[in-house]
Amino acid sequence: MRSINPLRTVARLLLPVLLFAVPVVSQGQTGWTPEQEMKVKVIGAVRVSPDGKRVAYTVSDAVMSPDKSEYVSQIWVANSESDKRTNAVQLTYAEKSSDNPRWSPDGSMLAFTSSRSGKSNLYVLRLIGGEAEQLTDVKSGVGDFGWSPEGNRIAFLLRDAPSDDEEKNNKGKDDWRWIDEAVKLNRLNVISLDKDANGKREPRRLTGDANVLGDFKWSPDGKTIAFTRTKTPKVDYWTTADLLAVDVATGEVKTLAATTAAEAGPAYSPDGKWISFTISDDPPRWAGYQRIALIPAAGGTPRLLAETFDAQPGVIDWSGDGKQIYFAETRGTISRVSALDVSTGVITEINKGNEVLGSFSINRGGTVRGFTMQSSDRAPEAFVSTIGNFAPVQISRANANSPKLPLGKTEVLRWKSSDGLDVEGLLTYPVGYKAGTRVPLLLVVHGGPAGVFTQSYPAGRGVYPIATFASRGFAVLRVNPRGSSGYGQKFRYANIKDWGGGDYKDLLTGVDRAVEMGVADPERLGVMGWSYGGFMTSWTITQTHRFKAASVGAAVTNLMSFIGTADIPSFIPDYFGAQPWENLEIYRAHSAMFNAKGVKTPTLIQHGEADERVPISQGYEFYNALKVQNVPVRMIVLPRMPHGPNEPKMVLKAKQTNLEWFEKYLGLAGNTNTARSN
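Quick look at the structure, then. If you're wondering where the values come from, they're calculated on a predicted model, not measured in any experiment.

The rules behind the values
Residues numbered from 1 in each chain as written. Predicted model: local features only at pLDDT ≥ 70, side-chain atom pairs only at ≥ 80, totals over all residues. Heavy atoms only, no water. Helix = DSSP H or I, 4+ residues; strand = E, 2+ residues; numbered from the N terminus. Rg over C-alpha atoms; globule rule 2.2 N^0.38 Å. Buried < 20%, exposed > 50% of the residue type's maximum accessible area, 1.4 Å probe, protein only. Areas by Shrake-Rupley, 256 points an atom, 1.4 Å probe, with all protein chains shown as cover. Core = buried A, V, L, I, M, F, W, Y, C linked by side-chain atoms within 4.5 Å. Contact = heavy atoms within 4.5 Å. Expected span 1.5 Å × (residues − 1).

The secondary structure content of the chain amounts to 11 helices and 37 strands. For 678 residues, the compact-globule estimate of 2.2 N^0.38 gives 26 Å, and the chain sits close to it at 25 Å. Considering only C-alpha atoms, the chain reaches an extent of 80 × 65 × 55 Å along its principal axes. Within the chain, the fraction of its 678 residues that count as buried is 58%. Counting only carbon and sulfur atoms, one obtains 50% of the accessible surface of the chain, whose full area is about 27600 Å².

Our next topic: the nonpolar core. In terms of nonpolar packing, the biggest core is built from 68 residues, with Leu441, Leu443, Trp499 and Ile572 touching the most fellow members. By residue number, the principal contributor to this core is helix 5 (residues 502-516), which donates six residues. Beyond its immediate sequence surroundings of up to four residues, Leu441 is in contact with Leu427, Ala475, Val476, Leu477, Val511, Ala514, Ala520, Arg524, Leu525 and Gly526. Val444, Met528, Ile636 and Leu638 belong to the second-largest nonpolar core, a separate cluster that totals 25 residues.

Turning our eyes to something else, we now look at the environment of Pro522. Structurally, the position occupied by Pro522 is in strand 33 (residues 520-530). We classify Pro522 as partly exposed; its relative accessible area is 32%. With 129 residues separating them in the primary sequence, Pro522 and Val393 have C-alpha atoms 44 Å apart.

With that settled, consider helix 6 (residues 532-543). With 12 residues, helix 6 extends 16 Å from end C-alpha to end C-alpha; this agrees with the ideal 16 Å at 1.5 Å per step. Along helix 6, 11 of the 12 residues are buried, which leaves the element largely enclosed by surrounding structure. All of the buried residues in helix 6 are Tyr532, Gly533, Gly534, Phe535, Met536, Thr537, Ser538, Trp539, Thr540, Ile541 and Thr542.

Here's what the structure looks like:
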């Protein structure tokens, strides 16, 4: 399943094909490996200073040593002005990550979070020099935060800490608990940068019993904070999100919008008269549909703005003059930043290229935009551009020393599915591909199902080492089947009540197209996917013997047992329109576990042991179903890992075992060339 993002779900002509040569890969040849892919750095939190002259961003490295395995982020600052642009400066050096840098309104300080003290706490760093100063000392952990407009206070989210009795019981192993009772809430707090008479800074709670989602905004006058509340912090309750505002001085909370839809992502207009937010369909659906809406800051009737192309706008911010709202959406396999005129509803696209953008910010003056940018042949970096003209200027060089190894050519492929639906995917050729030569093809299925494959850099932290596969002589096809984001609401809703139906045909017709092109060897096909992609992989090998190897990652294999054990029990009933006791047949018909008889495909199963989204029991069920039928099967358990592996050694092991599995069963073990001509 996809991760829950309150701004989006609170839940996403055949092009001319250039053919390149297939490598003769020898034992000594250099190329991408899983280990090399882990060296690519991740850039995030690109934040432009209020005057637009500087940019803060984070650089995340995979740190692996005999006694350590973690991703560590550090904060960097660079000049954005062309006549002063110099090498970026690293500001933080702690062993633990420093994340989420945010400029003070006057640009003299950066606030950020770090767990260097043992828990995630709030720090401020004065740009004139000196050490970072710790503002909070909490037992649980600081979440998101925001500066007040005048710059003397910071509001932040804080999860309830264990009580003294709970800590005592935990220590004494008397730590039983009731499900869904005494739930720890996320509450909004505010802290002053000025110390009190006792030389201390004591946070003040603002929101009482309201559970606050991670999206809140100060009003321009600093008197109120708009926020989103849900009944509980459990992800399954995103559908209960309402829009509220709290008076910072008194703590009085008032409701702004509380409909049966889900409201999220409040943002004040520059003059403070309006609040923009996103609102879901009614009732909210997990497949995802959102509109941008406006409501008077004092309260009133919401007004819906124009529907966007994909109906999943990620709001960036208001324009400086308050006439437009900037937002980002996926458009097919690329990113689009657009401006929505709040008066006319006219939507204007800002960028026109094939880039993949993320981590957006706009400076306080509304003149400069910061973001990350990457492509299928360019590693991610931080960029800036003026608001009026999208002309990206690179301001980071974090990946300048990343491996400079050949990448397989990636192209957009389009075809008709079996029912005539237009489907799109990304075909990555082996490095040095030679036209007319058939090579092993690996089909990769994304998660979601409302995820989407974009033209992002193929070497990185994913469990599927795309760049390495291409270096080893594989072609890789990443399909965006019906149900994916990036192609509009109708396309995204097209797999409702039909997982394993039309989406399965979209995948196989994509493989057929690669075979027709003379690229894919029909006798050497592999398939893999994580989460919903794992569902589709397990489903595929119950339906066909075309694939000679499969890798099933964190898969939903039994829809019925999934809803009783996952942290999102409403997810499958929403997609399939019923609980299992209301329509047992639809659960049976669409579950790999109930269709596993006769599977022959050698299968690797990968699963995180701490996965609450898709519990590991789903993997065990499928493993045992294949083992009892004498299917070649192995299952690797990743200790401590949630739904997405978050430790570099575990990610690396997933990459390595995937590579080993497909090389073993598709004839490429030992890096020998086994391509054959048509």
